Amino acid sequence: DCQSARGERRSTTRTAAPGHLFGAAMGIAVACLARARRTGFLLCRACVPSPAHFRYCEACIFTTIMTLDKCFGFFMRIVGPFFVLLLLGIIGFNTWMYFNTMLPLYVIPNVGPVGTLFNFGIGLWILINLVFNYLRCVFMSPGYPGKDVEMPDEEYSDNARTDHIWRWCSRCKAPKPPRSHHCSVCRRCVLKMDHHCPWVNNCVGHRNYRHFLLFVFYLFIGAIFILMTTMLNRLHDTSDWPRRLRRYSFLGPIPAQAGQFALFQIVLAFSAAIALVLFAAWHIYLTCTGQTTLEFYINAADRRDARRLGQQWINPFDHGLKANWEEVLQAPPCGLTQFLPSIAEPSTDGMHWRGLAAASEINAGGGSHLQRV
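Report on the accompanying structure.

Reading the values: rules and limits
Residues numbered from 1 in each chain as written. Predicted model: local features only at pLDDT ≥ 70, side-chain atom pairs only at ≥ 80, totals over all residues. Heavy atoms only, no water. Helix = DSSP H or I, 4+ residues; strand = E, 2+ residues; numbered from the N terminus. Contact = heavy atoms within 4.5 Å. Areas by Shrake-Rupley, 256 points an atom, 1.4 Å probe, with all protein chains shown as cover. Buried < 20%, exposed > 50% of the residue type's maximum accessible area, 1.4 Å probe, protein only. Polar contact = N/O pair within 3.5 Å; in protein donor to acceptor, adjacent residues only side chain to side chain. Patch = residues over 30% accessible without salt bridge, like charges linked within 9 Å, V, L, I, M, F, W, Y side chains within 5 Å. Salt bridge = Lys/Arg side-chain N within 4 Å of Asp/Glu carboxyl O. Disulfide = S-S within 2.5 Å. Phe/Tyr/Trp six-rings, centres within 6.5 Å; stacked < 30°, edge-to-face > 60°. Lys NZ or Arg CZ within 6 Å of the ring centre and 35° of its normal. Core = buried A, V, L, I, M, F, W, Y, C linked by side-chain atoms within 4.5 Å.

## Thoughts on the overall build of the protein chain
Across its full length, the protein chain carries nine helices and six strands. Across the protein chain, every contact between residues at least 6 apart in sequence was considered, and the portion connecting residues at least 24 apart equals 68%. When the accessible surface of the protein chain is split by element, carbon and sulfur atoms take 67% of a total near 18900 Å².

## Describing the side chain of Asn299
Tracing the backbone shows Asn299 in helix H7 (residues 293-308). On the accessibility criterion, Asn299 (1% relative accessible area) is buried. A polar side-chain atom of Asn299 sits 3.0 Å from a polar atom in the side chain of Gln291.

## Some points on the side chain of Thr292
Along the chain, the position of Thr292 falls in the loop between helix H6 (256-288) and H7. Of note is the side chain of Thr292, whose polar atom sits 3.2 Å from the backbone nitrogen of Glu295. Residues contacting Thr292, with those up to four places away along its chain left out, are Arg179, Lys192, Met193, Asp194 and Leu286.

## Brief notes about a nonpolar patch on the surface
A contiguous nonpolar patch, built from Leu85, Leu88, Leu135 and Phe139 and spanning about 430 Å² of accessible area, is present on the exposed surface. Position of Leu88 among the secondary structure elements: in helix H3 (residues 51-139). Exposure remark for Leu88: the relative accessible area of 36% places this residue in the partly exposed category.

## Re the pattern of salt bridges
Tallied over the entire structure, the rule returns five salt bridges. Asp305 is paired through a salt bridge with Arg308; the nearest N and O atoms lie 2.8 Å apart. Here the residue Asp305 and the residue Arg308 both occupy positions in helix H7, the gap between them amounting to three residues, near one helical turn.

## Regarding the state of the cysteines
Applying the stated rule across the entire model yields zero disulfides. In this structure Cys172 is not part of a disulfide, and its nearest cysteine sulfur, from Cys189, lies 3.6 Å away. Note on Cys172: relative accessible area 12%, which makes it buried.

## What about the packing of aromatic side chains?
Tallying each qualifying case throughout the model produces 15 aromatic pairs. Residues Tyr98 and Phe99 carry aromatic rings whose centres are separated by 5.3 Å and whose planes lie at 85 degrees to one another, so their mutual orientation is edge-to-face. According to the relative accessible area criterion, Tyr98 is buried, its value standing at 8%. Feature note: the residues Tyr98, Phe99, Phe120 and Phe225 constitute an aromatic cluster, connected by ring pairs. Positioned above the aromatic ring of Tyr209 is the side chain of Lys192, whose terminal nitrogen or guanidinium carbon lies 5.9 Å from the ring centre.

## Focus: the environment of Phe270
Within the secondary structure layout, Phe270 lies in helix H6. Sequence spacing of Phe270 and Phe220 is 50 residues, and the spatial spacing of their C-alpha atoms is 9.8 Å.

## Regarding unusual backbone geometry
Despite not being glycine, Lys173 has its phi angle at roughly 55 degrees, a positive value. Along the chain, the position of Lys173 falls in the loop between strand S1 (167-169) and strand S2 (174-176). Within the chain, Arg179 stands out as a residue other than glycine whose phi angle is a positive 70 degrees. Locating Arg179 in the fold gives a position in the loop between S2 and strand S3 (181-183). For Arg179, a relative accessible area of 1% puts it in the buried group.

## Thoughts on the nonpolar core
Core analysis: the largest hydrophobic core is formed by 24 residues, its most contacted members being Tyr134, Val200, Phe212, Phe215, Val216 and Leu329. Among the elements of the structure, H3, helix H4 (209-230), H6 and helix H8 (321-329) are those that each provide at least two residues to this core. If you look at the next biggest cluster of nonpolar residues, it comprises 17 residues, including Tyr106, Ala223, Phe225 and Ala262.

## Some words on H8
Three or four residues apart is the spacing at which side chains of an α-helix point the same way, because the helix has 3.6 residues per turn. Within the sequence span of H8, burial applies to Asn324, Trp325, Glu327, Val328 and Leu329. Of the residues flanking the end of H8, it is Gln330, one or two places downstream, whose phi is positive at about 55 degrees.

Take a look at the structure:
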């Protein structure tokens, strides 16, 4: 029963995995109904008294979730460009504030010519990398398998998990490689899909994940840079206290309008830094463990099921911290080249992954070489 329950849950949750909340809700609801029917325990037997009624409820749930998923995808396709323009506007505003207020009022009077040049160099380096990686995330394809891709002839083990083998996408009407998922927003299967990000109006996948990780990293560093630069007035004593406005006295000797803009910039940078440090830490963890956001939740469920069955489960894509890091950033963890702008393509094609055959002999699960999902 446990193994069949796992198979039923997988077949449902993999169906609409890119829908995130909608797909998860559908998978949980259908799995609960399946388990209730199998075990004979139903919260309300009058609601689902027979297998026929159960199939009807299952179809209703599936149709409702898929409809919501399509509506969500349509909505994201409309608002996606506005999110991109909004983020570019925020970056432009902070750049203008740096040259208009921070540089002449915070940096030059406090650190002198050499310190100003050093501060300007750091800010320019952050800005170049931030904009470069962001534009690459927006305009670079995350990687699509294509409809003309051919299914490999070799069979994986019968114990291979359903998203660890080649499958058939009923939406694209084409083979779906391992680690690929169908995105309801892009309306295509994405190689090594992590998630669809509205801020880049694109999927984060196999080809652009490195740029997304560096974009988040430099965005966090930029927020810290702004906060540290605005602190320069507090790190240097000044005798020009009468010019300080009482309302913005903690900002230093700056005009009223500049003080208002600076206060907004500080609040914005502080809020972004708090959110980004958690987001960056999350994706660094995923990179070090050889997972994507979707795979993390799938792996957690499979790990619990294997533990319940007294079996061993491993992540076949986790080849150690150093190998995982180099696979994404194409540089050793301690190398400086990983932080440089690069247009190099990933070292793998995103469709064939090493370690699947060995891991499938260990992992508990079900599935065939080709399943319709």
